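Architecture and fold: a report
As a plain string of letters, each chain reads:
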Amino acid sequence: MSPRDKTASRDSRSSTKTARKSTVLDIGRPVTAAASKPRPATHLNVEAPTIAKPRITPGKNTKSVFIKTYGCQMNVYDSERMADVLAPIGYAAVDKPDDADLVILNTCHIREKAAEKVYSELGRIRQHKERNKPDMKVAVAGCVAQAEGAEIKRRAPVVDMVLGPQTYHKLPEMIARVSRETGDVLETEFDTIEKFDALPAGRQAKGYSAFLTVQEGCDKFCTFCVVPYTRGAEVSRPVEQIVAEARSLASQGVREITLIGQNVDAYHADGPDGAEWGLGELIRHVAKIGGIDRLRFTTSHPRDMDDGLIETLSTEPKLMPYLHLPIQAGSDRVLHAMNRGHSYAHYRDLIAKVRAARPDIALSGDFIVGFPGETDEDFEATMNCVREIGYASSFSFKYSTRPGTPGATLPHQVPEAVKSERLKRLQDLLYTQQREWNESLIGKTLDVLVEGHAKEPGRLFGRSPYLTGTHFDGPDDLIGQIVPVTITSAGVNSLVGALV
Ligand code: SAH
Ligand code: SF4
Ligand code: F3S
């Protein structure tokens, strides 16, 4: 069966999953107001892979693992956790596949383009293995693994192991099975609780800003989306587990934590006080951990955004003024067909409450154009939504048909040329807003958490409270510190400033 025929299902035996990835900070050229080229920005670039940074220098008796991450922040987090699981059995993470004993592709299934990239990469890996490293082992993890399962090994026989997002704690056992050439090397179970219980309590921090998964999975079943099938049902992690992980990160110098989940604002768990806690309570609790100066959370769903969380935006000083709240479309007819479970009016009211609580909030959203049945009038409603709400950053996509989702079989699929034209118009508007938002920061002094070097010698890169990439000149010893930077110029996706 080809992957296109595959029906997405929550039955973990018959389906598989997908993952997306990552945050790679664009520490490329500083963008000047004149020279910047619009491109999907800041934290979520689903199509470009990230490479897990080496943390241990391979020694004589160690093996090496190369992990390439596609998709969303959840995958970035999972890749770090796979490295944590592999370290005790002697695997050091390396940043090139060349001599790696084990290559893991942590994949994303969200759009067709994202999933197809994995197969091109597997072709390159096969050639490399045959020519240079015949004993190399290859694993496919993440949401393509969950969505396509055994089909991956049929289509790409170079693959030794296929493991879905809830099975990473089983990696050592799977590697042993592959080495002995015995047993099943396909793991696509959905035991999210077991995964988090079995992962090592400590983390090896990589920098000064870290993701921490607090919630995983999705029960919303938007008709365009594979995530409920690839990540399973909504599950929240216990408070103590999250606190232990946050402490471990803080003890290694992490200053900023982003609490992540597919629907992070659906977080709910028993608090230490015996009451049920939502995300607002969790944020206020984690904020008490010494050394953690900044908190963020993503991604929120309009249906789960409650008053407690909105209040926390105004009362918790460590919580940064940034909210990613996708709407997808401005037309109620399309929102209904997408099974979003909310109207445009509900979203607009939420934004009004959020802005009342935190007037300087930088608002970000996701948009899909060309969902089946979307008319010109529906699309104009999305344009009006953007004009009315006003976004500081955004992610916008052409609808991509995903096999097994209800959207795939809807009538009135929108022609590609129409999708392209709509996306262009939408992005012109969104990028104009982004540039205007960034330009409004010129002359202001912002606290920037310095994450590392920019590409240019002597330049540093960090993030403003609004998550904007910020470039400025400064000495290396500022890396890891939060410093005041006065903004001097702005582009669509980043700021340039001078150290105060
Ligand atoms: N849980 C989050 C985001 C999940 S996926 C939410 O509900 O908002 C990230 C984004 O990918 C989505 O917000 C959506 O804009 C986009 N996306 C998901 N499926 C897609 C598809 N089939 N085609 C195009 N974009 C899609
Ligand atoms: Fe996908 Fe909708 Fe769930 Fe977000 S809420 S992950 S878009 S199904
Ligand atoms: Fe992609 Fe899976 Fe994330 S489909 S976006 S990696 S949840």
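Counting of residues starts from 1 at the beginning of each chain's written sequence and follows it residue by residue. All chains are assigned letters beginning at A, and all ligands numbers beginning at 1, according to the order in which they are written. At least 70 in pLDDT is required for a residue's local features to be given in this predicted model, at least 80 for side-chain atom pairs to be given and counted, and no such filter applies to totals for whole chains, interfaces and linings, which use all residues.

Remarks on the overall build of the chain
When helices and strands are counted, the chain shows 14 helices and 22 strands. What counts as a contact here is a pair of residues whose C-beta atoms, placed from the backbone, lie within 7 Å. Of the contacts formed within the chain by residues at least 6 apart in sequence, a portion of 77% connects residues at least 24 apart. Only DSSP runs of H or I covering at least 4 residues are called helices, and only runs of E covering at least 2 are called strands; the numbering of each starts at the N terminus.

A word on unusual backbone geometry
A cis amide bond links threonine 298 to the next residue, threonine 299, at an omega of -5 degrees. Along the chain, the position of threonine 299 falls in the loop between strand S14 (294-298) and helix H10 (307-315). Even without glycine at this site, glutamine 328 takes up a positive phi of about 80 degrees. Its place among the elements puts glutamine 328 in the loop between strand S15 (322-324) and helix H11 (332-337).

Section: the environment of threonine 468
Looking at where threonine 468 falls in the secondary structure, it is placed in the loop between strand S19 (459-463) and strand S20 (469-473). Buried means a residue has 20 or more other C-beta atoms within 10 Å of its own C-beta, exposed means 12 or fewer, and partly exposed covers the counts in between; C-beta atoms are placed from the backbone. By the C-beta count within 10 Å, which is 26 here, threonine 468 ends up buried. Along the chain, threonine 468 and asparagine 493 lie 25 residues apart, while their C-alpha atoms are 6.9 Å from each other.

Observations concerning helix H8 (residues 239-251)
The end-to-end C-alpha distance of H8, which contains 13 residues, comes to 18 Å, matching closely the 18 Å that a straight helix rising 1.5 Å per residue would cover. Considered for burial, the residues of H8 that qualify are Val239, Ile242, Glu245, Ala246 and Leu249. Burial along H8 is one-sided: seen end-on, the buried residues are contained in an arc of 135 degrees. Two residues or fewer past H8, glycine 253 is found with a positive phi of approximately 95 degrees. A helix is expected to span 1.5 Å for every residue after the first. Regarding the arc, it is the one traced by the directions from the helix axis to the C-beta atoms.

Overview of the confidence of the model for the chain
Confidence along the chain averages 88 in pLDDT terms, with 87% of residues attaining 70 or more. With pLDDT under 50 throughout, residues 1-47 is counted as low confidence; its partners more than four residues away or in other chains account for 165 contacts. The pLDDT score gives, residue by residue, the confidence of the prediction method on a 0 to 100 scale.

Let's talk about the site of ligand 1
Each residue receives a C-beta atom placed from its backbone. It is near a molecule or strand if this atom lies within 6 Å of it. The environment of ligand 1 is made up of 17 residues, and the closest members are Phe224, Pro326, Asp366, Phe397 and Ser400. A breakdown of the residues in the shell around ligand 1 according to their chemical character gives eight nonpolar, six polar and three charged. The nonpolar class holds Ala, Val, Leu, Ile, Met, Phe, Trp, Tyr, Cys and Pro. Asp, Glu, Lys and Arg form the charged class, and all remaining residues, Gly among them, are polar.

With respect to the sheet that holds strand S18 (residues 445-453)
Pairing between two strands requires that DSSP report at least two bridges joining them. Taken together, five strands build a closed barrel; the order of strands is S18-S19-S20-S22-S21 and the barrel is mixed. Neighbour to neighbour, the strand axes of the sheet diverge by 55 degrees on average, direction disregarded. Judged from the five bridges that link them, S18 and strand S21 (residues 482-490) form a sheet pairing that is antiparallel. Of the residues in S21, the one forming a bridge with aspartate 447 is proline 484. Lines are fitted to the C-alpha atoms to define the axes, a helix being fitted only along its stretch in contact, and any angle between axes, read from their N-to-C directions, falls within 0 to 180 degrees.

Regarding the UniProt feature "binding site: [4Fe-4S] cluster 2" (unreviewed entry) in the chain
UniProt positions are given in the numbering used here, feature names are shortened, and annotations may be inferred rather than shown by experiment. As annotated in UniProt, the feature "binding site: [4Fe-4S] cluster 2" (unreviewed entry) corresponds to Cys218, Cys222 and Cys225 in the numbering used here. Considering the arrangement of structural elements, one finds cysteine 218 in the loop between strand S9 (215-216) and helix H7 (227-231). For cysteine 218, a count of 22 C-beta atoms within 10 Å puts it in the buried group. With sequence-adjacent residues up to four places away left out, cysteine 218 is seen in contact with Val227, Pro228, Arg231, Glu234, Gln262 and Asn263. Here cysteine 225 lies in the loop between S9 and H7.

Notes on the nonpolar core
As a rule of thumb, soluble globular proteins bury nonpolar side chains together. Each nonpolar core consists of buried Ala, Val, Leu, Ile, Met, Phe, Trp, Tyr and Cys residues. Their C-beta atoms, within 7 Å, join them into a set. Val65 and Val140 are the most contacted members of the largest nonpolar core, which totals 129 residues. Per-element accounting of this core gives the leading share, six residues, to helix H1 (residues 73-86). Taken together, domain 1 (1-190) and domain 2 (442-499) each give at least three residues to this core, which thus spans both. Contact partners of valine 65, with chain neighbours within four places excluded, come to Ala83, Leu86, Tyr91, Ala93, Ala100, Leu102 and Ile104. In this document the domain limits rely on a domain assignment from an automatic tool or a database.

Quick word on the environment of histidine 346
Looking at the secondary structure, you find histidine 346 in helix H12 (residues 344-357). Owing to 17 C-beta atoms within 10 Å, histidine 346 belongs among the partly exposed residues under this scheme. Residues histidine 346 and proline 302, spaced 44 residues apart in sequence, show a C-alpha to C-alpha distance of 8.0 Å.

Side note on the pairing of strand S17 (residues 393-398)
Counting buried positions along S17 gives five out of six residues, so the element sits mostly inside the fold. With six bridges connecting them, strand S16 (residues 362-369) and S17 associate as parallel partners. Looking across to S17, one finds that glycine 365 is bridged to serine 394. Orient the strands so they point away from the viewer, and a crossover whose first-strand-to-second-strand path over the helix runs clockwise is right-handed. Of the crossover connections in this fold, the one passing from S16 over helix H13 (residues 376-389) to the parallel S17 is right-handed.

Some words on H1
With 14 residues, H1 should reach 20 Å at 1.5 Å per residue; the first-to-last C-alpha distance of 20 Å fits that figure. The element H1 is largely enclosed, with a buried count of 12 among its 14 residues.

A look at the packing of H10 against H12
At their nearest, the axes of H10 and H12 sit 8 Å apart, and the two run at 30 degrees to each other. In terms of axis orientation, H10 runs roughly parallel to H12. Here the hand of the crossing between H10 and H12 comes out right-handed. The segment H10 lies against H12, with Ile310, Glu311, Leu313 and Ser314 engaging Lys353, Val354 and Ala357. Taken together, the residues of the contact of H10 with H12 sort by class into four nonpolar, one polar and two charged. Any angle between 65 and 115 degrees counts as roughly perpendicular, while under 35 counts as roughly parallel, over 145 as roughly antiparallel, and the rest as oblique. Handedness of a helix crossing follows the sense of rotation of the near helix relative to the far helix, less than a right angle counterclockwise being left-handed and clockwise being right-handed.

Observations regarding the sheet that holds S17
As summarised here, the arrangement of the three strands in space is S15-S16-S17, forming an open sheet in which the pairing is parallel. If you trace the sheet from one side to the other, it starts and ends with S15 and S17, each paired once. In this sheet, neighbouring strand axes are inclined to one another by 10 degrees on average, regardless of whether the strands run parallel or antiparallel. As defined by bridge partners, S15 adjoins S16 across three bridges and the pair is classed as parallel. Each bridged residue has a counterpart across the sheet, and for leucine 323 the counterpart in S16 is leucine 363. Here helix H14 (residues 416-439) sits on the sheet in contact with S16 and S17, set at roughly 175 degrees to S17.

As for the pairing of strand S2 (residues 63-69)
Most of S2 is tucked away, with six of its seven residues classed as buried. Across three bridges, the pairing between S2 and strand S3 (residues 91-93) is parallel. Looking at the pairing, valine 65 lines up with alanine 93 of S3. At this point the chain moves from S2, through H1, to the parallel S3, and the crossover so formed is right-handed. Inspection of the sheet shows S2 paired to strand S4 (residues 102-107) by five bridges, in the parallel sense. Directly across from isoleucine 67, in S4, lies its bridge partner isoleucine 104.

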